[in-house]
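So you can see what is in the structure, the chains are spelled out below.
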Amino acid sequence: MTRITLAPVTRIEGHAKVTIDLDDSGNVADTFVNVVELRGFEKFCIGRPVEELPRIMTSICGVCPWSHHLASAKANDAVFGVTPPSAGRKLRELCNAVAYTEEHILHFFFLAGADYIMGPDADYSVRNVIGIAQANPEVGRMVVRNRHLGAQMLNIISGKTIHPVTAVPGGYSKPLSEAERQELLPMADEVLEFAKFAIAFAKENVFPKYLETLQSVGVIETGFLGTVADDGTLDLYDGKLRLMKPDGTYEEFAYDEYTAHIGEHVEPWTYLKFPYAKTWGDFSMDLEAPSGVYRTNTLARLNVCDRISTPLAQAELEEYREKFGRPVQLTLLYNWARLIELLYNAEKAILLLNDPEITSKDTRVPVTPRAARGVGCVEAPRGTLIHDYETDENGLVTDVNLIVGTTHNNAPINMSVKQAAQTLIKDGVYDQGILNQVEMAIRAYDPCLSCATHDL
Amino acid sequence: ALYEKVYRESKTTPPAETPADNLPPLLDRVYGIDEVVPVDIYIPGCPTNPDLVVAALTALLEGKTFEMPERSVCDECPLAREKKAAGGEIKRTLDAVECDHEAPWSDTRCFMEQGYLCLGPVTLAGCAHKEGGNGNGVTVPRCIKGHMPCRGCFGPIRKGANPMVDMMSAISSIGLDAKQVADRRALLNRYIGGQNRLRPLPQRPSR
Ligand code: SF4
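Residues numbered from 1 in each chain as written. Chains lettered and ligands numbered in written order. Predicted model: local features only at pLDDT ≥ 70, side-chain atom pairs only at ≥ 80, totals over all residues. Heavy atoms only, no water.

Caption draft 1: Up close: the overall build of chain B. Across its full length, chain B carries six helices and two strands. Mapped in sequence order, the helices and strands of chain B form the string α-α-α-β-β-α-α-α. Buried positions account for 44% of the 207 residues belonging to chain B. Pairs at least 24 apart in sequence give 72% of the contacts found in chain B among residues at least 6 apart. A total accessible area of about 11300 Å² is found for chain B, and carbon and sulfur atoms account for 54% of it. (Helix = DSSP H or I, 4+ residues; strand = E, 2+ residues; numbered from the N terminus. Buried < 20%, exposed > 50% of the residue type's maximum accessible area, 1.4 Å probe, protein only. Contact = heavy atoms within 4.5 Å. Areas by Shrake-Rupley, 256 points an atom, 1.4 Å probe, with all protein chains shown as cover.)

Right under this line is the structure:
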C-alpha cells in the first residue's frame, strides 16, 4: 500500500492535510481529510458575561468575524428576549452584505479562482493571486481595490472592520450619520459595478474552459441546508432553516429546533465533527449510498431558496437554473453560485443605504440579564452558522454549542476528495496537476477549518 | 476537559472517543509565538492596524528596528476625561453609552468615567485611525469609534506588564469599585494567554 500526503492544503482557511491510500495496483483505496486543529471556544466561553460573547466569538475567524459577531448578537437578543429596533437590524444587515462582498471577492479571486483563471495545471508559482495580477493587471487592480472598498465601508459603518464590536444585544451600538451615508453610497455603487463585471468575466473567460472539469471533479449527490425568508426568498441574515433532500423535497424549522434535525458524528482521524441530517436515518459517507449528508455554503443556498429579492441576481439565478437545474449537485459550481451571491449582496447594500430608516438614531434597546437559552443563526459565507447559548440569572454563560458553516460540509468535502482521487488517480499514476485537482475539490467549498474547529 | 466538552458533552453529538489517528495532540498550555520561534519584530493588535504593517515592513527593508512607543489607547482617545467617574456602579455593556454621534468627540464623556469598563488605560496605543468628518481630523481608537469600550486587543503597554493589576488601580483612581467588574479575571486578561499566563488555576475563582 502507498500513502500520499498532501500537506498542508493551501489556499484554504485553517489547517488540514489530505491522506490518500493507494492499494497494491495503485488505485485509490481510501482518502481522509485530516483537520489537525481544535480550539475550544465552547469550553472557555463558559462563565463569561453573555454580552461579551459577540466580542469574543469574532476571534474564531479573521476572515468571517462578521458572521460570528452577528450570530452571537442574535443569540444574545434571544437570551435577553428582545427584538432590535428596525434601524439596528438594518445596520447589522448592511454590515453583513458588505462583509459578504468582500469575502466572495476574496475567495473567488484569491483562493479558488487562481485554479481556473491560471489553469489547474499551471505551475504553483503562478497559480495564485499574484499570477492573476501579472497575467491580467487590470483585473488584479480591480480585485484589490474592491476588497479594499469593502473594508473601508465597514470601517465607516462600524469603526472596526475585523473583529467588530458594534452588534450588541438589542441592536447596534453606533448610528449611521447622513454624512457617512453619503460617503458610502458611491463606494457601494462601485462594488456593484465590479460584481457585474466579475460574473460576466467568469462566464466568458473562466467557466467555459473548465466545463468538463466542472462535470467530473468532486461530483457527489447530497442534500442541502440554507436559510430562507418566510416566503422562500434567499435571506442571509434571518429567516428559517430549510433542509433539502437530493430529490428536492425539504423540511423547514426554526433556529431553536435545530437539535431535532441535526446531529454531529465523530470520526477518529479528524478533530472536525460531521453534522448530519438526523431525520434521514443513519449517517454514512459511502459514495454509492450516502446517508444523512447535506451541504451548505453558496451552492446549497441557491438550491434551497425559491428566488432572490434583487433583480440582477435573480436574473443570474434564472440563467444558472436553466443551465444546471435544481438542486445543482456539481461541486465546482459553488464558484458560480458564489458570484451570483456577490451580485446579490452588492445590490442589497445599495438598497439598505437608500432606506431612509438606516440613519435613524433608534438603533438599540437596553437589556437585562436573566437565565435563558438563546439560539442565533446567520448564513455565513461558508454556510449556516448556529450559536446556541445558555445563561444563569446574572447573564453569565453556562453552556455553548456552535455549529459552523464549514463543519456542515465536512462529510461532503471528504466525499468529494475521495471521488476526485478515485476518478483522477489510476494505476499509481499521478502528478502535480492531478493532486492539485484533488485540492480544488476542497477549495470549491471554501472551507474555513479554523472556524470549523473553533468550538467544534 | 476540552475533549470531554467537545466530544462527549455536546448537545448535538452522540458521545464518542477523542479523535487521535494521524493527528497532532493538543499542547499542555497556550504558548506565545516567541516561546516557540524567535521573533524579530512585534506588530501588536487583534487585528493590527494596516499602517503598522506598512511601517514595520518599511523598517525591515531599511534595516531599521521597529518599536511601538509606550503610549496607551487613552493617549489617542478624543473623549473628555475629568479624572473621576460620573458616579454609580461599574456597568456592563447592556445599554448604550452616552454619545452624540453628530457632535465632536470631545463632547462625549470618557466611557470609563461613564462607568463602562474600558481597557484603554492599560492597552498599547496603535489601533486608532484619523477621522475625516465627525472628529475634525482627530484620531479615534477603533472600538471607541464603534461606541464600545476597549477590550485590550493591542496587548499591554509594556512587555510583561500586568494589565489586570494596572487596570484595578486605574479603576480605583477614578473612584469606582474594581470588585464590581463581572468576570474580572477573564475580562482583564483577554488577549494575553501566552508566556504561561493562562494556565489552570488551583481552584476555579468564584468570579
Ligand atoms: S473611553 Fe476608554 S480609551 Fe477613551 S479615554 Fe476613556 S478609558 Fe481611555
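Caption draft 2: Quick look at the environment of Ala-315 of chain A. Looking at the secondary structure, you find Ala-315 of chain A in helix 11 (residues 311-324). A relative accessible area of 44% places Ala-315 of chain A in the partly exposed class.

Caption draft 3: Main features of unusual backbone geometry. Residues and elements named next belong to chain A. The linkage connecting Arg-326 with the following residue, Pro-327, adopts the cis geometry, with an omega of -5°. Of note, the phi angle at His-163 is positive, near 55°, even though the residue is not glycine. Here His-163 lies in the loop between helix 6 (137-158) and strand 4 (167-168). Given a relative accessible area of 8%, His-163 falls into the buried group. Even without a glycine there, the phi angle at Asn-297 is positive, about 85°. On the secondary structure map, Asn-297 appears in the loop between strand 11 (294-295) and helix 10 (298-304).

Caption draft 4: Region of the structure containing the site of the ligand. Residue and element names in this part refer to chain B. All residues adjacent to the ligand are Val-73, Cys-74, Cys-77, Leu-79, Arg-81, Cys-110, Phe-111, Met-112, Cys-118, Gly-120, Pro-121 and Ile-144. More than half of the atoms of the ligand fall within 2 Å of the grid points belonging to the second largest cavity. Here the shell around the ligand is built from residues that sort into 10 nonpolar, one polar and one charged. (Near = heavy atom within 4 Å. 1 Å grid on protein atoms, 1.4 Å probe; cavity = no way out; pocket = protein on both sides within 12 Å on 5 of 7 lines; lining within 4 Å. Sits in = over half its atoms within 2 Å of the grid points. Nonpolar A, V, L, I, M, F, W, Y, C, P; charged D, E, K, R; others polar.)

Caption draft 5: Quick look at the packing of aromatic side chains. Residues and elements named next belong to chain A. Going through the model one piece at a time under the given rule, you end up with eight aromatic pairs over all chains. Consider the rings of Phe-207 and Trp-336, whose centres lie 4.7 Å apart with planes at 5°: the pair is stacked. Taken together, the residues span a long stretch of sequence, with Phe-207 in the loop between helix 7 (178-206) and helix 8 (211-216) and Trp-336 in helix 12 (residues 334-353) at a distance of 129 residues. On the basis of relative accessibility, which here comes to 2%, the residue Phe-207 falls in the buried class. Taking the relative accessible area as the measure of exposure, Trp-336 reaches 5% and is therefore buried. The interplanar angle of 45° and the centroid separation of 6.0 Å between the aromatic rings of Phe-274 and Phe-283 together place this pair among those described as tilted. Members of the aromatic cluster, each reached through a chain of ring pairs, are Phe-207, Tyr-320, Phe-324 and Trp-336. Over the aromatic face of Tyr-237 sits the side chain of Lys-74, whose NZ or CZ is 4.5 Å from the ring centroid. Here the guanidinium or amino end of Arg-242 rests over the ring plane of Tyr-250, the centre of that ring lying 3.9 Å away. (Phe/Tyr/Trp six-rings, centres within 6.5 Å; stacked < 30°, edge-to-face > 60°. Lys NZ or Arg CZ within 6 Å of the ring centre and 35° of its normal.)

Caption draft 6: The arrangement of the nonpolar core in detail. Ranked by internal contacts, the top residues of the largest apolar core, which has 78 residues, are Ile-157, Leu-302, Ile-308 and Tyr-320 of chain A. Apart from the residues lying within four places of it in its own chain, the contact partners of Ile-308 of chain A are Thr-233, Leu-234, Leu-302, Ala-313, Gln-314, Leu-317, Ile-340 and Tyr-344 of chain A. Core analysis: the second largest hydrophobic core is formed by 28 residues, Cys-110, Met-167, Ile-171 and Leu-188 of chain B among them. (Core = buried A, V, L, I, M, F, W, Y, C linked by side-chain atoms within 4.5 Å.)

Caption draft 7: The sheet that holds strand 13 (residues 383-391) of chain A, seen in detail. Residue and element names in this part refer to chain A. With antiparallel pairing, three strands are arranged side by side in an open sheet as 12-13-14. On the outer flanks of this sheet lie strand 12 (373-380) and strand 14 (397-403), each paired with one strand and no other. Across this sheet, the average inter-strand angle for adjacent strands is 15°, counted without regard to direction. Summarising the sheet, strand 13 and strand 14 pair through six bridges and their orientation is antiparallel. Bridge assignment links Glu-390 to a residue of strand 14, and that residue is Asp-399. Where helix 3 (residues 65-80) meets the sheet, its contacts fall on strand 12 and strand 13, and the angle it forms with strand 12 comes to roughly 150°. (Pairing = 2+ DSSP bridges. Axes fitted to C-alpha atoms, helices over the stretch in contact; angles between N-to-C directions.)

Caption draft 8: Local environment of a nonpolar patch on the surface. Residue and element names in this part refer to chain B. The grouping of Ile-43, Val-53, Leu-57 and Leu-60 at the surface amounts to a nonpolar patch, some 320 Å² of accessible area in total. Inspection of the secondary structure puts Ile-43 in the loop between helix 1 (2-8) and helix 2 (50-61). The exposure class of Ile-43 is partly exposed, given its relative accessible area of 35%. (Patch = residues over 30% accessible without salt bridge, like charges linked within 9 Å, V, L, I, M, F, W, Y side chains within 5 Å. Salt bridge = Lys/Arg side-chain N within 4 Å of Asp/Glu carboxyl O.)

Caption draft 9: Molecular detail of the packing of helix 14 (residues 410-424) of chain A against helix 15 (residues 432-443) of chain A. Residues and elements named next belong to chain A. Between helix 14 and helix 15, whose axes approach to 8 Å, the crossing angle comes to 155°. With respect to their mutual orientation, helix 14 and helix 15 come out roughly antiparallel. Two packed elements cross with a definite hand, and for helix 14 against helix 15 that hand is right-handed. Facing Ile-413, Ser-416, Val-417, Ala-420, Ala-421 and Leu-424 of helix 14, the residues of helix 15 in contact are Ile-434, Gln-437, Val-438, Ala-441 and Ile-442. Considered class by class, the residues forming the contact of helix 14 with helix 15 number nine nonpolar, two polar and no charged. (Parallel < 35°, antiparallel > 145°, perpendicular 65-115°, else oblique. Left-handed = near helix turned anticlockwise from the far one by under 90°.)

Caption draft 10: Representation of empty space enclosed by the protein. Using the criterion set out here, one finds seven cavities of 30 Å³ or more in the structure. In this model, the largest cavity occupies a volume close to 160 Å³. For the largest cavity, the lining is made up of 21 residues, of which Lys-160 of chain A together with Cys-143, Arg-151, Gly-152 and Cys-153 of chain B are closest to its centre. No other element matches the three residues that helix 4 (residues 142-145) of chain B contributes to the lining of the largest cavity. Here the residues of the lining of the largest cavity sort into 12 nonpolar, four polar and five charged. In this structure, the second largest cavity occupies an estimated 90 Å³ of space. Of the residues assigned to the lining of the second largest cavity, the class counts are nine nonpolar, one polar and one charged. (Points joined across faces, edges and corners; volume = space filled by probe spheres on them.)

Caption draft 11: Fine view of the sheet that holds strand 7 (residues 240-244) of chain A. Residue and element names in this part refer to chain A. The four strands are arranged 8-7-6-11 in an open sheet whose pairing can be described as mixed. Single-partner strands in this sheet number two, and they are strand 8 (250-253) and strand 11. Alignment of strand 7 against strand 8, held across four bridges, turns out to be antiparallel. Counted as the bridge partner of Arg-242 is Glu-252 from strand 8.

Caption draft 12: Structural context of the pairing of strand 2 (residues 16-22) of chain A. Residue and element names in this part refer to chain A. Burial runs high along strand 2: seven of the seven residues are buried. Here strand 2 shows two buried faces, one formed by Ala-16, Val-18, Ile-20 and Leu-22 and the other by Lys-17, Thr-19 and Asp-21. Pairing geometry for strand 1 (residues 2-6) and strand 2, over five bridges, is antiparallel. The residue bridging Thr-5 from the neighbouring strand is Thr-19, located in strand 2.

Caption draft 13: Broad picture of the environment of Ala-346 of chain A. Residues and elements named next belong to chain A. The residue Ala-346 is located in helix 12 in this model. Overall, the relative accessible area of 1% leaves Ala-346 in the buried class. Sequence separation between Ala-346 and Ala-195 is 151 residues, and the spatial gap between their C-alpha atoms is 7.0 Å. Residues within four places of Ala-346 in sequence aside, it is in contact with Thr-101, Val-191, Leu-192 and Ala-195.

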